[in-house]
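One letter stands for each residue in the lines below.
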Amino acid sequence: MLQKIKDFYHPELSGSDSFVLYDGEGNKKFLSFRDNKRNIYLTFGIPAKTEKEAIDNGAHVTTPQDLGKLLFPEEWEHKIKLHILPDKRVTAYLTTVKQNIGFIDSKFEEEGEGIKFDKVEIIPIWFNASDIEIGKDNQDRWVAEFSQRTDIDSYVVIDFIFNRKPTKKMIQTANLSHEIETYFNIHGWENNSFTCWECGIKTNHWLDIEGDLETKWNNFKDRYCGC
């Protein structure tokens, strides 16, 4: 099957986390190594209008990530997975942080009315956001909801969900954990080390910096080990 896929689709790597397939007519289809939830159907040029028809015609069913692993095993093992898969140490640390503040989940909606509350408390504006509304949702969970500007006329509505009533500090910590995860999703999870601008000593992992999460993260961004 591997050789059949290569012979028909002529796969090529594209950037740090994607690859390209060419159909029988030379059209490009870009796929991401990050995509591990969506099924794709390789029909090898046989037309199909439904998933069932594609399968009945012998389509190969896989996910973009699994296909990428199959096509580029060396690149996946030594470079790509280190770039896109969350660092285990950071994940474990952030998981503990979230458990300590009762943080359950988050939602980011570009549009929509957000979650409605029967009773609402307001926390004043902070970190370039609208005032934060705190209340319970229809599942009796505590929710902190606010919006942040993403462009001149665009906003995203953010819901941080907790198992107990959140304080301002808890909401800030939840937002910081999201900021950290977003940073590494963009810049690569392998980029955990740095050389201190002050003493010139290399820190092998930013979590080795002394202090709480906020201190560690601010020092990492400043490339300062705390010497």
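The structure under discussion appears in the preceding block.
Residues numbered from 1 in each chain as written. Predicted model: local features only at pLDDT ≥ 70, side-chain atom pairs only at ≥ 80, totals over all residues. Heavy atoms only, no water.

A. Spatial organisation of the packing of helix H3 (residues 64–71) against helix H4 (residues 73–84). Interhelical geometry of H3 versus H4 gives an angle of 140° and a closest axis separation of 7 Å. Comparing their axes, H4 and H3 come out oblique. Contact residues: Gln65, Lys69, Leu70 and Leu71 in H3; Pro73, Trp76 and Ile84 in H4. (Axes fitted to C-alpha atoms, helices over the stretch in contact; angles between N-to-C directions. Helix = DSSP H or I, 4+ residues; strand = E, 2+ residues; numbered from the N terminus. Parallel < 35°, antiparallel > 145°, perpendicular 65-115°, else oblique. Contact = heavy atoms within 4.5 Å.)

B. Representation of the sheet that holds strand E2 (residues 18–22) in the model. Spatially, three strands are ordered E1-E2-E3 in an open sheet, and the strand pairing comes out antiparallel. Both edges of this open sheet fall to strand E1 (12–14) and strand E3 (28–32), since each of them pairs with a single strand only. Going from strand to strand, the sheet's axes swing by 35° on average, the running direction of each strand aside. With three bridges connecting them, E1 and E2 associate as antiparallel partners. Each bridged residue has a counterpart across the sheet, and for Leu13 the counterpart in E2 is Phe19. (Pairing = 2+ DSSP bridges.)

C. The nonpolar core, seen in detail. Judged by nonpolar contacts, the single largest core of 15 residues is most densely connected at Ile5, Phe19, Leu21, Phe33, Leu42, Leu67 and Leu71. Elements represented by at least two residues in this core include exactly helix H1 (2–9), E2, strand E4 (40–42), H3 and H4. Here this core takes three residues from H4, the largest share from any one element. Not counting residues within four places of it along the chain, the set of residues in contact with Phe19 comprises Glu12, Leu13, Ser14, Lys29, Phe30, Leu31, Phe33, Pro64, Leu67, Gly68, Leu71 and Phe72. Counting 14 residues, the second-largest nonpolar core is a separate cluster that includes Leu94, Leu207, Trp217 and Phe220. (Core = buried A, V, L, I, M, F, W, Y, C linked by side-chain atoms within 4.5 Å. Buried < 20%, exposed > 50% of the residue type's maximum accessible area, 1.4 Å probe, protein only.)

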